[in-house]
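Working through the structure, step by step
Below, each chain spelled out in residue letters.
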Amino acid sequence: MAGKPTLYYFDGRGKMESIRWLLAVAGVEFQEVHFKTREQYEKMLHDGALMFQQVPMVEMDGMKLVQSKAIMNYISAKYNLYGKDLKERVMIDMYAEGLRDLMEMIMRLIILTPEEKQSTLKTIENKATDRYLPVYEKALASSDYLVGNQLSCADVHLFECILMLEEKFPSVLSNFPRLQAFQKRMRAVPAIHKFLQPGSQRKSPPDEVYLQNVKEILRF
């Protein structure tokens, strides 16, 4: 029997959090190795474990997987979160890529100056409410899911993105009733409900301690 997937990253969200979400929703138990020192990272580089000298890296099914999009696509395909055919997959990819664009804007906030952060928050809020959320509100007009008639990785990413937005803008869904209903349905999914509980492997929003750890290990 294969062991649990092992996730190699820092002790925080970053680009690994969406991977954690997919594994949790798929009901897959996983373990994590958090980089605490530069030496840990350098050892993995020396051992050739990081194809492009970058993390995240996920060790599963006898492979060392890198590049977050490739990792998520593999997990999604393996655990039936990637549609039933090519047409569904390309729609899932389009919805997912839009969400990643939005989530990456939020992830970058931690490295900005206070002045940059203030203006960027306004930009994120405007883009979320004018460009991104209307697309997903429309997509949910005739189905409980973004694509087809079953849960996909795009739905998982959408739920994760909504939670991230609400941490910054608590009333961001006030004009999006279908997204409000979607969020309620997703919270009721047993695997999601479990992952939202205190003590799960879900990570807290990044803080200065996390940022300093990343800077020391990656030396930037």
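Provided above is the structure to which this section pertains.
Since the model is a prediction, treat every value here as computed from it, not as a measurement.

Quick word on the overall build of the protein chain
The helix and strand tally for the protein chain stands at 9 helices and 4 strands. Mapped from its N terminus to its C terminus, the protein chain presents α and β elements in the order β-α-β-α-β-β-α-α-α-α-α-α-α. For the protein chain, whose C-alpha radius of gyration is 18 Å, the value lies close to the compact-globule estimate of 17 Å for 220 residues. Counting only C-alpha atoms and orienting by the principal axes, one finds that the protein chain spans roughly 50 × 50 × 30 Å. The proportion of buried residues among the 220 residues of the protein chain is 46%. Restricting the contact set of the protein chain to residue pairs at least 6 apart, pairs at least 24 apart contribute 66%.

Quick notes on the pattern of salt bridges
With the rule as written, the count across this model stands at 17 salt bridges. A salt bridge links Asp-61 to Lys-78; the shortest N-O distance between them is 2.6 Å. Placement of the pair is Asp-61 in the loop between strand S3 (57-60) and strand S4 (63-66) and Lys-78 in helix H3 (residues 68-78), with a sequence separation of 17 residues. Its relative accessible area of 36% is what places Asp-61 among the partly exposed residues.

A few points about unusual backbone geometry
Here the residue pair Val-55 and Pro-56 is connected by a cis peptide bond, since its omega of 15° sits within 30 degrees of zero. Positive phi, close to 60°, is recorded for Gln-53, a residue that is not glycine. Take Gln-53: it is sitting in the loop between helix H2 (38-46) and S3. Take Gln-53: its relative accessible area is 54%, and that puts it in the exposed class. Residue Asn-80 is not a glycine yet carries a positive backbone phi of 60°. Considering the arrangement of structural elements, one finds Asn-80 in the loop between H3 and helix H4 (86-107).

Points about the sheet that holds strand S2 (residues 31-34)
Spatial strand order, S2-S1-S3-S4: 4 strands in an open sheet with mixed pairing. At either end of the open sheet lies a strand with only one pairing partner, and these are S2 and S4. In this sheet, adjacent strand axes meet at a mean angle of 20° when their direction is disregarded. As judged from the 3 bridges shared by strand S1 (residues 6-9) and S3, these two strands associate in the antiparallel manner. Bridge pairing in S3 places Tyr-8 opposite Met-57. The strands that H3 touches are S3 and S4; relative to S4, the one it contacts most, it runs at about 120°.

Parameters and conventions
- Residues numbered from 1 in each chain as written.
- Predicted model: local features only at pLDDT ≥ 70, side-chain atom pairs only at ≥ 80, totals over all residues.
- Heavy atoms only, no water.
- Helix = DSSP H or I, 4+ residues; strand = E, 2+ residues; numbered from the N terminus.
- Rg over C-alpha atoms; globule rule 2.2 N^0.38 Å.
- Buried < 20%, exposed > 50% of the residue type's maximum accessible area, 1.4 Å probe, protein only.
- Contact = heavy atoms within 4.5 Å.
- Salt bridge = Lys/Arg side-chain N within 4 Å of Asp/Glu carboxyl O.
- Pairing = 2+ DSSP bridges.
- Axes fitted to C-alpha atoms, helices over the stretch in contact; angles between N-to-C directions.

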